[in-house]
Amino acid sequence: MTHIRNIVVLTGAGISAESGIATFRGPGGLWEGHRIEDVCTPQALVIDPQLVHRFYDMRRAALADVVPNVAHVALARLDREWPGDLLIVTQNVDDLHERAGARRMLHMHGELRSALCADCGQRQTWAASLPMGAVCEACGAAALRPDIVFFGEMPYEMEGIETALAQADLFVSIGTSGAVYPAAGFVQLAAASGAATLELNLERSAGSGFFDETRLGTAGTLVPAWVDALLGDSAALPR
């Protein structure tokens, strides 16, 4: 295991689905009963801001009814115990990784419990409903919106993520579709820098062919087993 020091883990909707949070795309391309273009684009915010605010208010409130599952807990354990560099990059906007105890992580697509000022770009913690016209603490503008990276917007921390991928010895993707870019391209960036690559997923993703190994099953089964093996012996590494 001495040759594996730097790890990047990407998590997607599949890791939170076992906590009861709906996956990104439901039947018919819907997201929790709504067309994605109606609630997750800059145009949607302009056309029907009340719908967009109401949709994310409901999702934010729903966090009170869910808890981290064993996969979140296992990654938090990895965060505590892994002696090398570790970065957990999540596409999810819930706070289950943090509640499980993970600290070396970031949300590339924003966070439900955060508000973004459309005027000055500052972000602030926001746990309650977010009414239209809420005032930014930083600049005083009545321009707060859900701190969600909409389609067509640049994800957060891309420069830091790409640096971590270039330095990684191991890249692991958990519960992702492999269809949403730029996250879908992370495996290729990591592999180009010489990292071993491993996919843990319920089914083969659109990007499975780019990984050294794909293990199929639930996150609640695969992730704790992988973390146990990684912290104990080389059986966790891609073959």
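Keep in mind that this is a model prediction, so the values were computed, not measured. (Residues numbered from 1 in each chain as written. Predicted model: local features only at pLDDT ≥ 70, side-chain atom pairs only at ≥ 80, totals over all residues. Heavy atoms only, no water.)

### As for the packing of aromatic side chains
Heads up, the condition is: Aromatic rings from Phe, Tyr and Trp, with only the six-membered ring used for Trp, were paired whenever their centres fell within 6.5 Å, and each pair was classed as stacked if the ring planes differed by under 30 degrees, edge-to-face if by over 60, and tilted otherwise. The buried label applies to any residue whose accessible area, calculated with a 1.4 Å probe on protein chains only, is under 20% of its type's maximum; exposed applies above 50%, and partly exposed to all values in between. Put simply, DSSP H or I for four residues or longer makes a helix, DSSP E for two residues or longer makes a strand, and each gets a number counted from the N terminus. Charge-over-ring contacts are defined here by two conditions on Lys NZ or Arg CZ: a distance within 6 Å of the ring centre and an angle within 35 degrees of the ring normal.
For the structure shown, the criterion picks out 3 aromatic pairs. Here Phe55 and Tyr56 contribute two aromatic rings whose centre-to-centre distance is 5.0 Å and whose plane-to-plane angle is 85 degrees, an arrangement assigned as edge-to-face. Summarising the burial analysis for this pair, Phe55 and Tyr56 share the class buried. Geometrically, the ring pair formed by Tyr56 and Phe150 is tilted, given 6.3 Å between the ring centres and 35 degrees between the ring planes. With a gap of 94 residues between them, Tyr56 in helix α4 (residues 49-62) and Phe150 in the loop between β8 (144-148) and α7 (158-167) connect regions that are remote in the sequence. Taking the relative accessible area as the measure of exposure, Tyr56 reaches 0% and is therefore buried. Through a chain of ring-to-ring contacts, the aromatic side chains of Phe55, Tyr56 and Phe150 assemble into a single cluster. The ring of Tyr156 is capped by Arg123, whose NZ or CZ atom sits 3.8 Å from the centre of that ring. For Arg145, the ring lying beneath its charged end belongs to Phe150, and the centroid distance is 4.2 Å.

### Details of the UniProt feature "binding site: Zn(2+)" (unreviewed entry) in the protein
For clarity, the cut-off: UniProt positions are given in the numbering used here, feature names are shortened, and annotations may be inferred rather than shown by experiment. By definition in these notes, contact holds between two residues if any of their heavy atoms fall within 4.5 Å.
UniProt records the feature "binding site: Zn(2+)" (unreviewed entry) for Cys117, Cys120, Cys136 and Cys139 in the present numbering. These annotated residues cover 23 residues of sequence, but their C-alpha atoms sit close together, with the largest distance between any two at 8.6 Å. Here Cys120 lies in the loop between β6 (110-117) and β7 (123-125). Excluding anything up to four places from it in sequence, Cys120 contacts Cys136, Ala138 and Cys139. Within the element layout of this structure, Cys139 appears in the loop between β7 and β8. The exposure class assigned to Cys139 is partly exposed, which follows from its relative accessible area of 38%. Not counting residues up to four positions away in its chain, the partners in contact with Cys139 are Cys117, Asp119 and Cys120.

### Here's the deal with the sheet that holds β7
To summarise the sheet geometry, strands pair through backbone hydrogen bonds and adopt either a parallel or an antiparallel arrangement. Selection criterion: Paired strands are those between which DSSP finds at least two bridges. Axes, fitted as lines to C-alpha atoms, cover a helix only where it is in contact. Angles between the N-to-C directions of the axes lie from 0 to 180 degrees.
Here 3 strands make up an open sheet; going across it, the order is β7-β6-β8 and the pairing antiparallel. Of all strands in the sheet, those with a lone pairing partner are β7 and β8, marking the two edges. Adjacent strand axes in the sheet meet at a mean angle of 45 degrees, parallel and antiparallel pairs treated alike. In this structure, β6 lies alongside β7, joined through 3 bridges in antiparallel fashion. Its bridge partner lying in β7, Leu116 is registered against Arg123. On the sheet, α4 packs against β6 and β8 and is oriented at approximately 55 degrees with respect to β8.

### Focus on the sheet that holds strand β1 (residues 7-11)
What the 6 strands build is an open sheet, ordered β5-β4-β1-β9-β10-β11; its pairing is parallel. Looking at which strands have only one partner, the edges of the open sheet turn out to be β5 (105-107) and β11 (213-216). Neighbouring strand axes in the sheet, compared pairwise and without regard to direction, differ in orientation by 15 degrees on average. Here 4 bridges tie strand β10 (residues 196-201) to β11, and the two strands are oriented parallel to one another. Across the sheet, Leu200 pairs through a bridge with Arg215, a residue of β11.

### A short note on the side chain of Ser114
Condition: By the criterion applied in these results, polar contacts are pairs of N or O atoms within 3.5 Å in which, for protein atoms, one can donate a hydrogen and the other can accept it, and in which residues neighboring in sequence qualify only through two side-chain atoms.
With respect to the helices and strands, Ser114 occurs in strand β6. In this structure the side chain of Ser114 is engaged in a polar contact, spanning 2.7 Å, whose partner is the side chain of Asp147. Not counting chain neighbours up to four residues away, the residues in contact with Ser114 comprise Arg123, Gln124, Thr125, Trp126, Pro146 and Asp147.

### Side note on the nonpolar core
As a reminder of what qualifies: Take the buried residues of types Ala, Val, Leu, Ile, Met, Phe, Trp, Tyr and Cys, join any two whose side-chain atoms come within 4.5 Å, and each joined set is a nonpolar core.
Residues Val9, Leu75, Ile174, Val223 and Trp226 are the most contacted members of the largest nonpolar core, which totals 24 residues. Breaking this core down by element, the ones donating at least two residues are β1, α5 (70-81), β4 (86-90), β9 (170-174), β10 and α9 (219-232). Among the nonpolar cores identified, the runner-up in size contains 18 residues, and Leu106, Ala164, Phe186 and Ala195 belong to it.

### Quick word on unusual backbone geometry
In this structure, Pro182 follows Tyr181 across a cis peptide bond, with omega equal to 10 degrees. Backbone geometry places Glu157, a non-glycine residue, at a positive phi of 60 degrees. Relative to the helices and strands, Glu157 is located in the loop between β8 and α7.

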